[in-house]
Structure formats: structure tokens, C-alpha cells
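Examining the three-dimensional arrangement
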Amino acid sequence: MNEIETSLLAPGKFGVGQPVPRKEDPRLIRGRGCYTDDLRLPDQLHAFILRSPVAAAKINGFDTAAAAAAPGVVAVYTVFDFLEAGYRGQRCKLPLVNRDGSKMHAEPRPAFGTTDIRHIGEPMAVVIGETLTQARDAAERIEVDFEVKPTVTDPLEAMADGAPQVSGDYPNNVGLDYVFGDEQAVAEAFAQAAHVTTLRLVNNRLAVVAMEPRAAVAEYDAEREHFTLHVGSQGVFGLKNTLANDILGIDPAKLRVLTYDVGGSFGMKISSYPEYAAVLHAARALGRPVRWRDERSESFLSDHQGRDSLYEASLALDADGNFKALKIDMVGNLGAYMGFVTPMIVTLNIRKNAPGPYRTPVMAMRSRSVLTHTVPIGPYRGAGRPEGVYIMERLIDAAARETGFDPIELRRKNLVPPEAMPFAAASGLAYDSGDFPRLLERALELADDAGYGARAVESRARGKLRGRAIACYLEVTADKVPEMGGLRFEPDGRVTLITGTSDYGQGHWSTFAQILHDRLGVPFEQIDLLQKDSDQLLAGGGSGGSRSVMNSSLALLAAADEVEAKARQWAAHSLEAPEADLVFEAGAFTVVGTDRKVGLLEVAEIARNTGPVDGLPDDVDASLTVEGAPSAFPNGVHYCELEVDLGTGRVAIDRYLSVNDFGTIVNPMLTRGQIQGGIVQGIGQALVESMVYNDEGQLLSGSLIDYSLPRADDVPAIQVEFVEVPCTTNPLGAKGCGEAGATGAPPTVMNALLDALAPLGITHLDMPATTEVVWQAIAAARPAQAAE
């Protein structure tokens, strides 16, 4: 490391629990990052995708002659070429069943496209040119013969008899009709309830808008019949297998996937996309590298989108305010295709997360997954977790208003106490750890909730309404998947960590190095990380569902155990002492009762340079696969105070804080940044963001001119604190944190806004509560107040 890099690090403070800066930051802030679009390969070609200008149509044919004859054009391929090539499609493989017991039918999404257009921007053809400009210009010369068909973009309308069919595979456009829970027990609880609160809620559709648009560069070695794909992703191992098995129909050994720096993803870059099939096809056909890069406006049509679901939800309470049952009837808009994990978002993930940290005894849920003529939905930060928490927290505040309970007290009395752990939740899961009441009290203390009344009076004196709210969230991280743990001792004295998760901004390099430094005493600055080369991995679940630290730490700690065991044999040989007499501590083996010792890095060098020795391993490296860590239950409390300008409807967030239990925290600085970023995304969903389609399936918010994002001046300083209650489901005791900010923020902001507007009699708004929406609600409420 150079002088600037070492100056960022406090010497000796590299272990678990220390706020160590990200190892990659000095390189990135100097502009020395390498993203997919930075690659320049010899003799490369450029791809441009011709996309559908309509949301539903039948393609009869193409006239590509003029495009093929344009300057610089090397090839033109249409959907007919990809269908003729026999490529397969990516499908959802989850073992979900319908309410009638039948298995979910998972229609595959075509590798590139089909003759039946299902959404605006769906690929129809790809032009390959010597330059991108030549390819783009030539695409305008393609003539497409298609018949425009009726469209449906509203999921409720899509289920109606006679509605336009998105796919012939799904009558009434319903891809899955999922149910969970004991409906009879829930019905009895509602019948006996002293009060029932019911809400109809909308969870708005979002664009992901990662800072780095998607890009891909494909190569093909004809002699080896081998592909290489350079692409931004959330895990090269999974993407490689999807492309090889589900798209190309080849032996996975014939494909290598490489990922470099990734400028954000939030779930969007986890899957395969039609553009990847396009460049792989062209590279093989033409024998030259082919590159493609999305443009910002194009990404609104080509990237999968997030959220978009409707709910009718009810909460039953007894006379003392105890929660007795939860009932959810929802419709999830899947868009034009059933994504490879999308049905899980609107079924399993909402079911697992809706009960939250509360003692609700029973729940029942029905979820219909519906296809529409809109861009497909996929995972977006939280992927069902924010939706589930949003339902419950909005219900609790509404119940408090209707029954006269204080919303904080209503939550306090229904939280699961720590002595109840392990707790069997209504979701069917068992919470292993947590101290939910402690987090609530800590959040109220930090927020100075006792002083809220005075602040509200001061706001009113300035002609503004102040509101405040809390939300108690508990989310369920992704379930276990096989993960690789590898440790390789290099000839130059450095140590390489190898694991199948994938960093796209989280800071894995520092985090995993801290874990290894703690476990084996390897100097922090001598640790490197390898994640993004599929040829180097035995397994890899990628990064998603807040499981990276849990899964990779489990694998890396298992690898560290193997390293210690192998190194112990070499240390005993070197020190001429029995293995039983050696103690391993602080990165060195010491003979008990003496000062004789040898360091781990020295042992690795001895093993490498000594050559084969009977009875000793060839080296001290480790390479293994573990089953993966089961789900954990990160939880916490968000607190928000905001002001509403009565004249304009503008909402200004005055203070925001979050107290979280993520179990053992490896790096509090990076964790704090994760939560702050997620909160900003949640604020964006609550107040400004929304993807809007008209009835013809045309996207009305298809650029950053029309799609609003939260700005720096929309967000206050966000305070993030931690209460560590280690979990019991992985050796580190970590619970995951990546999605918690986006999970807790939307209901907290919306409930605070409704609290502010309560004096005007406004009791319901849906997201996004833009300035215009709030102003219209205020304007409508004032005449009603005057009439009273």
C-alpha cells in the first residue's frame, strides 16, 4: 500500500468491529476503477438494440436490407435469428404452488425476444457495427411489419374476463395464485376481535437507476468453442450457470464470466438479460469481440423494475390493543414476464416479513401474481421485505388512530420480548434472537421524543405542520445457498481470499479481510479478494438478500480452520515439536512453555519451497464449499420527524434516525453507510419516485427529466446506531444489513406525513406523496373543515 492508502487506516485496528475504510476507495476516487464499459478489446465490434416502440404487437417480419448495407454494419440479427438458433429462456425454478395445489407454471423469458411483443422497449433486433454510431444509425433503417394489439397495464384490469392476454399460458393473466396460513383460525380471530383495521395500499413501481448502466462484452474462441462474457453482475457463478444451462444450452465449462467494478445494482444486475444473449451470439457468429452498453434513457425500458403491488390488508385487535391476527389479500404486478425470482418477492418474502417483531399469533395471505404489458419486475433492494414491513406498519398507525391508542405504546405492548426467544412467528419462521423493546427505547431516547411536543408547537408558529412516526422492522435475510471459501498464500507473501459473493459497493474486501485478520492474524494490508471470475469458483450464491457477510464468513472461517490444521502440521515439522504442543495465536504457532514460534506466512513459505514431504500436505491453502448460512433476522427501529408547508404541500424531513440490531457488526462505518443509502432510497419511494405507464403501455416517466430521485437537500443528516444481539445461526453472529434502510424508511416517512396532516382530517395517502399530491390533499381537506 502507498502512503496515502496507509494514512487512511489506523494501525492495529483492523479486526472485527473496527471502522476500517474500504480498501478499494483510494483507487476508485482517483478514477482508476475498471467498469465493464472501460474494456477495450482488439478488433471489437459494437451492438445496438432495436426496441419495440409499442407495448403489444405481433411481428410478421423485418426488412433489414437497408440496415445491412449501411456503412460500417457487419451484421443484423432479428428475433427470428435467435429463435432459429434454438436458444432457451430463463425461467423461475421456485417450487411454488397455487391455492388449488397445482404447481406453478413458469413460462421462460426468451433468450432475446419473440414475435409477440409484450412491453415497450422489448428487443426486436440487434445491429452489429464497427462503431456504435454506425450501428445506431443503421438500426433506423430497419423496417418492421407488426400488428399492434390491445394492451393492459393495470393488474386488477388484467385479471378481468375479456382483458387482453399477455401470455396464452396464463388465463386472466394470473401466473400464480398463492395462499399461506390457517384461514379458519384467522377468520375466528377476526370474528372475536374488538376492532379491525383495514387499509388498501399501493406500493409504487420504481426504476432502479444504478449509477452505472448495464454493459457487456462478449468473446468467442472458435478453436476451444469457448465463450467469455465481461459483464457487471451480482455473482458470476450463478450468472454463468444461468447463461450456459438456461440460455445457450452448453456445458458451463465452455463459458467464463468476468465482472469488474460495479457501480451499483440493488438486485437489478443479478439476472441474465436479452442483451447478453445478443452479444454472445454475435461474437460466435462473427469471430470478433462484441460490446454493448446501455444508455440512461434505454435503461428505463431494458432494466427490470421494482415493487408495484396492491394490498387489502387487515389487522385484528382485542380491547387491550393486542394484535390477534393479520390478513393480506394482494396483487403483484409481474410485468410482461415471470422473472426468475419475481414470484418469490410477492409471495414468500412478503409472507416472511409482514409479521415483523410483533406477537401476532396467526396470519393468512393470498397473493396473485399478474402479468401486464409493462417492463418486467425483478428484485430491488429488499425484494418483498420493504413491502411486508410497509403493510404492517401502516396498519398499526391506522389502528392507533381508530382506537385512540398511542402508536408508540401500541407497538411497545405487542413487541416480542427477548425472553420469548426462540419465538415462533406467524410467518412460520422461528426468530432465534433479538431484543426489540430495547431498540425501541433507545430510538426514542436518541430522537428526544419527549421534546417532540415543543417542536410541533414551534413548527405551527411558522405556519407548518409537524409530524413524527416510528416503524419497527424485522426482515428475513435470504436462505442458505452453497458458498465457496478459499484462501491462497501467494509467493509474494500476500494472501488471496476467494468467495462467490460479489461486491458492488458494499466493501467486501475490507470486511472479509477484517474477519480473516481476526481469525488467522494475517496482516490486513496483505489480504486481497477474488470474487468475480467464474473460472476460479467452486460455488457461489452471489450477493443478494443481505446474506453476503453471513455466507462468506461461514465459508471463509471454514477455510481458515483448514489452513490452521494444515499449517499446524508444517509448523510442527519446522519447530520439531508435536502438534499437540503448539498454540496458534496472533498469526503464529508457539511451542507451549517456550519462546520458539513460527508465523503463519512463514509456514506457508516453508511449505511452498520445501517440496513434497511424506505425511505433510503440499501447501497450506484451502479451497472448499459450505452449505451456506440459514436466514437471520436483522431488526430495528426507524424514527422520522418532518414538516409540511401548508401553502405548497412541500414535505421537509427535519430529523431521521435508525437504531438497528445486525448481530455482530464487522465494520460499523461501512454498515452505517449501507443503512444511510437505503434510507435515502426509501425516502425516494415515499415522496418522489414512481414509474408511470399510460393505458397503451407507453412509459411516461422514461428519463430523469420525468422520473424524480431524492436530492441531497431532500435528506437531513441521518443518524444510525447499533445494538448488537448476535444471532445463533452462523459462527460470526452476523445478521445482514444491506436492505434494512430501504425496508424501514417508507412506512416511517408516510406515517410521519399522515401524523402531520391528521389535524386536517387526512388519514390516507399512497406513495409517492409528492408535493402535488400533498397540496391537493390539503386543498381538498380545507373546504371539508370549513363546512364542519
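Scroll up for the structure.
The structure displayed is predicted, hence computed values, not measured ones.

A closer look at the overall build of the protein chain
For the protein chain, the count of helices and strands is 21 helices and 30 strands. Computed over C-alpha atoms, the radius of gyration of the protein chain comes to 28 Å, within 12% of the 28 Å expected from 2.2 N^0.38 for 788 residues, which places it in the range of a compact globule. A principal-axis box enclosing the C-alpha atoms of the protein chain has dimensions of 95 × 75 × 55 Å. Considering only intrachain contacts with a sequence separation of at least 6, the fraction spanning at least 24 residues in the protein chain is 79%. Of the roughly 29300 Å² of accessible surface on the protein chain, 51% is carried by carbon and sulfur atoms. Put simply, the protein chain has 72 plus and 104 minus side-chain charges, and the middle of one group is 2 Å from the middle of the other.

Let's talk about the sheet that holds strand β8 (residues 143–148)
If you walk across this open sheet you meet the 3 strands as β6-β2-β8, and the pairing is antiparallel. Each end of this open sheet is capped by a strand with a single partner; those strands are β6 (116–117) and β8. Relative to β8, strand β2 (residues 57–63) runs antiparallel, the two being bridged by 6 bridges. Each bridged residue has a counterpart across the sheet, and for Ile-59 the counterpart in β8 is Phe-146.

Things to note about the layout of surface pockets
Of the volumes computed, that of the second largest pocket is approximately 350 Å³. For the second largest pocket, the lining is made up of 19 residues, of which Thr-153, Asp-154, Asp-308, Met-691 and Tyr-693 are closest to its centre. Sorting the residues of the lining of the second largest pocket by element identifies β10 (195–206) and β15 (306–317) as the ones contributing at least two each. Looking at which element gives the most residues to the lining of the second largest pocket, the answer is β10, with 4 residues. Along the lines of polarity and charge, the residues of the lining of the second largest pocket split into 8 nonpolar, 6 polar and 5 charged.

A few points about the packing of helix α17 (residues 548–575) against helix α18 (residues 600–610)
Orientation of α17 relative to α18, taken along the N-to-C sense of each, is 75°, at an axis distance of 9 Å. By the angle between their directions, the pair α17 and α18 is classed as roughly perpendicular. In this structure, α17 contributes Val-563, Ala-567, Trp-570, Ala-571 and Ser-574 to the contact, and α18 contributes Leu-600, Val-603, Ile-606, Ala-607 and Thr-610. In the contact of α17 with α18, the residues fall into 8 nonpolar, 2 polar and no charged.

So, the sheet that holds strand β20 (residues 464–474)
A sheet is described by the order of its strands in space; here 4 strands give the open sequence β20-β28-β29-β30, paired in mixed fashion. Edge strands, defined here as strands with exactly one partner in the open sheet, are β20 and β30 (718–722). Each adjacent strand pair in this sheet contributes to an overall mean axis angle of 10°, direction not counted. Examined bridge by bridge, strand β28 (residues 635–645) and strand β29 (residues 651–661) share 10 bridges and lie antiparallel to one another. Note that in β29 the partner of Val-644 across the bridge is Val-651.

Looking at unusual backbone geometry
Here the amide bond leading from Met-421 into Pro-422 is cis, since omega sits at -5°, within 30 degrees of zero. Structurally, Pro-422 is set in the loop between α13 (407–414) and β18 (423–424). Each neighbour pair has its own omega, and for Met-767 with Pro-768 the value is -5°, a cis peptide bond. Tracing the sequence through the fold places Pro-768 in the loop between α20 (740–757) and α21 (771–787). One non-glycine residue, Asn-172, lies in positive phi territory at about 55°. Position of Asn-172 relative to the elements: it lies in the loop between α6 (155–158) and β9 (174–181). According to the relative accessible area criterion, Asn-172 is partly exposed, its value standing at 26%.

Thoughts on empty space enclosed by the protein
Space left empty within the atom packing is revealed by a probe, the size of a water molecule, rolled over the atoms. In this structure the tally under the stated criterion is 4 cavities of 30 Å³ or more. Volume-wise, the largest cavity comes out at about 130 Å³. What lines the largest cavity is a set of 15 residues, among which Gln-90, Arg-109, Ser-271, Gly-339 and Phe-340 lie closest to the centre. Split into classes, the residues belonging to the lining of the largest cavity amount to 7 nonpolar, 7 polar and 1 charged.

A look at the packing of aromatic side chains
Evaluation of the coordinates by the stated rule reveals 12 aromatic pairs. Taking the centre distance of 4.2 Å and the plane angle of 15° together, the rings of Phe-82 and Phe-112 count as stacked. Placement of the pair is Phe-82 in helix α4 (residues 79–85) and Phe-112 in the loop between β5 (109–110) and β6, with a sequence separation of 30 residues. The exposure classification of Phe-82 matches that of Phe-112, with both residues buried. The ring of Phe-524 carries Lys-23 above its face, with NZ or CZ at 4.5 Å from the centroid.

Let's talk about α13
Where α13 is concerned, the buried positions are Ile-408, Leu-410, Arg-411 and Asn-414. Angularly, the buried residues of α13 cover 165° about the axis, an arc narrow enough to put them on a single face. Buried-residue contacts for α13 involve β15, β16 (323–335), α12 (385–403), α14 (436–446), β20 and α20. The N-cap residue of α13 is Asp-406: its side-chain oxygen and the backbone nitrogen of Ile-408 are 2.9 Å apart.

Side note on the nonpolar core
With 112 residues, the main nonpolar core has Leu-642 and Leu-757 as its most contacted residues. Beyond its immediate chain neighbours, meaning those up to four positions away, Leu-757 contacts Leu-465, Val-644, Ile-762, Leu-765, Val-774 and Ile-778. Within the second largest apolar cluster, 73 residues are counted, among which are Ala-57, Ala-111, Leu-239 and Leu-280.

So, the pattern of salt bridges
Here the structure, examined in full by the defined rule, presents 50 salt bridges. Measuring nitrogen to oxygen at the nearest pair gives 2.7 Å for the salt bridge that ties Arg-214 to Asp-303. Placement of the pair is Arg-214 in the loop between β10 and β11 (215–221) and Asp-303 in the loop between α10 (296–302) and β15, with a sequence separation of 89 residues. The class of Arg-214 is buried, set by a relative accessible area of 1%. Residue Asp-303 is classed as buried on the basis of its relative accessible area of 7%. Salt bridges linked by common partners bring Asp-448, Arg-455, Glu-458, Arg-462, Arg-466, Glu-641, Glu-643, Asp-654 and Arg-655 together as one network.

Looking at the environment of Gly-72
Counting through the fold element by element, Gly-72 comes out in the loop between α3 (65–68) and β3 (73–78). It is 31 Å that separates the C-alpha atoms of Gly-72 and Asp-261, two residues lying 189 residues apart in sequence. Apart from the residues lying within four places of it in its own chain, the contact partners of Gly-72 are Ile-128, Gly-129, Glu-130 and Gln-134.

Some details on the side chain of His-508
Its location among the elements puts His-508 in helix α16 (residues 508–520). According to the relative accessible area criterion, His-508 is buried, its value standing at 3%. Within polar-contact distance, the side chain of His-508 engages the side chain of Gln-531 at 3.0 Å. Once residues lying within four places of it in the same chain are set aside, the contact partners of His-508 are Thr-501, Ser-502, Asp-503, Ala-513, Leu-529, Gln-531, Ser-543 and Ser-548.

Cut-offs applied
- Residues numbered from 1 in each chain as written.
- Predicted model: local features only at pLDDT ≥ 70, side-chain atom pairs only at ≥ 80, totals over all residues.
- Heavy atoms only, no water.
- Helix = DSSP H or I, 4+ residues; strand = E, 2+ residues; numbered from the N terminus.
- Rg over C-alpha atoms; globule rule 2.2 N^0.38 Å.
- Contact = heavy atoms within 4.5 Å.
- Areas by Shrake-Rupley, 256 points an atom, 1.4 Å probe, with all protein chains shown as cover.
- Lys, Arg positive; Asp, Glu negative; His and termini not counted.
- Charge placed at Lys NZ, Arg CZ, Asp CG, Glu CD.
- Pairing = 2+ DSSP bridges.
- 1 Å grid on protein atoms, 1.4 Å probe; cavity = no way out; pocket = protein on both sides within 12 Å on 5 of 7 lines; lining within 4 Å.
- Points joined across faces, edges and corners; volume = space filled by probe spheres on them.
- Nonpolar A, V, L, I, M, F, W, Y, C, P; charged D, E, K, R; others polar.
- Axes fitted to C-alpha atoms, helices over the stretch in contact; angles between N-to-C directions.
- Parallel < 35°, antiparallel > 145°, perpendicular 65-115°, else oblique.
- Buried < 20%, exposed > 50% of the residue type's maximum accessible area, 1.4 Å probe, protein only.
- Phe/Tyr/Trp six-rings, centres within 6.5 Å; stacked < 30°, edge-to-face > 60°.
- Lys NZ or Arg CZ within 6 Å of the ring centre and 35° of its normal.
- Arc of directions from axis to C-beta.
- Polar contact = N/O pair within 3.5 Å; in protein donor to acceptor, adjacent residues only side chain to side chain.
- Core = buried A, V, L, I, M, F, W, Y, C linked by side-chain atoms within 4.5 Å.
- Salt bridge = Lys/Arg side-chain N within 4 Å of Asp/Glu carboxyl O.

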